[in-house]
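What follows is the residue order along each chain.
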Amino acid sequence: MNKIWSMALLLMLAMVIYSCKQAQDIKAFTEAKYSLQSVRDIKLNGIDVEQRIQERRGFSHEERDSLLATVTSNSLEFSSTLALHVTLQEHSEEARHLTITRMKWLLEVDGEEALTGVIEETMELQEGLNLLPIATPVGLVSDGDLPNYTGLSRLITLLGQRTDIREHVTLKIKPTIKTPVGNVESPAYITVTKPTGIVAFFK
């Protein structure tokens, strides 16, 4: 009987230690700095964007109209591999990681919300560089029950001018984190430093 109690106490102690470590990891990643290093293997509704970049060939007018129509009908599909760098504020001797079960994202143009979507995939984040293959629908931000076209209109204008859009675009993420008590969504969006890898296609 004493052995059973000893095993139970050890198990409870291990669970408490694990929970404390996970709580520390969650806090560390919540306060971390996120930087998008590159966006690779980009596809929009099956169109290979990287191939277009290599061939120095942009979208035709018909393709642009088609993609715009899919955005406005919330049927545009975006897939890629994100190279996301995570910098923790506090150094730790032990390797830290975080499990994200779902992630909302938001793209702003000059401070105006433009496009949004949800990545319904489990991802493991660690300190340093993370290569994350993702697939997500792309939709318009809603203003109440109606779609808001202002941010999208600004984005289209910038792309039409073939200017560097890095100073105009901001990416934000809101992860849902796996915890000992279940999945918990971040209360606010986390700003990711401005993307660079996708910009060359729009110059």
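Residues numbered from 1 in each chain as written. Predicted model: local features only at pLDDT ≥ 70, side-chain atom pairs only at ≥ 80, totals over all residues. Heavy atoms only, no water.

Chemist: Help me out: how do you make sense of the overall build of the protein in this one?
Modeler: Secondary structure summary: the protein contains four helices and twelve strands in total. Accessible surface, the protein as shown: approximately 12,300 Å² in total, 56% of it carbon and sulfur. (Helix = DSSP H or I, 4+ residues; strand = E, 2+ residues; numbered from the N terminus. Areas by Shrake-Rupley, 256 points an atom, 1.4 Å probe, with all protein chains shown as cover.)

Chemist: Explanation requested: the environment of Ala135 in the structure shown.
Modeler: For Ala135, the position within the fold is in strand β7 (residues 128-140). In sequence terms Ala135 and Glu121 are 14 residues apart; their C-alpha atoms lie 8.2 Å from each other. When near neighbours in sequence (up to four residues on either side) are disregarded, Ala135 contacts Phe78, Ser79, Ile119 and Glu121. (Contact = heavy atoms within 4.5 Å.)

Chemist: Please explain unusual backbone geometry as it appears in this structure.
Modeler: We note that Asn45 has phi near 50°; this positive angle belongs to a residue other than glycine. Relative to the assigned elements, Asn45 resides in the loop between β1 (33-44) and β2 (47-48). One non-glycine residue, Asp110, adopts positive backbone phi at about 50°. If you trace the backbone, Asp110 turns up in the loop between β4 (97-109) and β5 (112-119).

Chemist: What should I look at first to understand the pairing of strand β12 (residues 190-193) in this one?
Modeler: Sheet faces and side chains relate simply in a regular strand, where the side chains alternate between the two faces. Every second residue of β12 is oriented toward a common face, the buried set being Ile190 and Val192 and the non-buried set Thr191 and Thr193. Alignment of strand β10 (residues 169-179) against β12, held across three bridges, turns out to be antiparallel. Bridge pairing in β12 places Leu171 opposite Val192. (Buried < 20%, exposed > 50% of the residue type's maximum accessible area, 1.4 Å probe, protein only. Pairing = 2+ DSSP bridges.)

Chemist: Quick question: what am I supposed to make of the side chain of Glu108 here?
Modeler: Examined against the element boundaries, Glu108 turns out to sit in strand β4. With residues near it in sequence (within four places) discarded, Glu108 still touches Glu113, Ala114, His168, Val169, Thr170 and Lys172.

Chemist: Can you walk me through the nonpolar core in this structure?
Modeler: Nonpolar side chains in soluble globular proteins tend to end up buried together. Judged by nonpolar contacts, the single largest core of 42 residues is most densely connected at Tyr34, Trp105 and Leu115. At six residues, the largest contribution of residues to this core is made by β4. Sequence-distant contacts of Trp105, defined by excluding residues within four places in its chain, comprise Leu115, Thr116, Gly117, Val118, Ile119, Thr136, Pro137, Val138, Leu171, Lys172, Ile173 and Tyr189. (Core = buried A, V, L, I, M, F, W, Y, C linked by side-chain atoms within 4.5 Å.)

Chemist: Is there a simple way to explain the pairing of β1 in this structure?
Modeler: Of the strand pairs in this sheet, β1 and strand β3 (residues 76-87) are connected by nine bridges, and their pairing is antiparallel. Paired with Leu36 across the bridge in β3 is Leu84. Bridge analysis of β1 against β12 gives two bridges, and the strand direction is parallel. Bridging from a neighbouring strand, Ser35 pairs with Thr193 of β12. Here β1 hands over to β2 after two residues, with Asn45 in that stretch at a positive phi of 50°.

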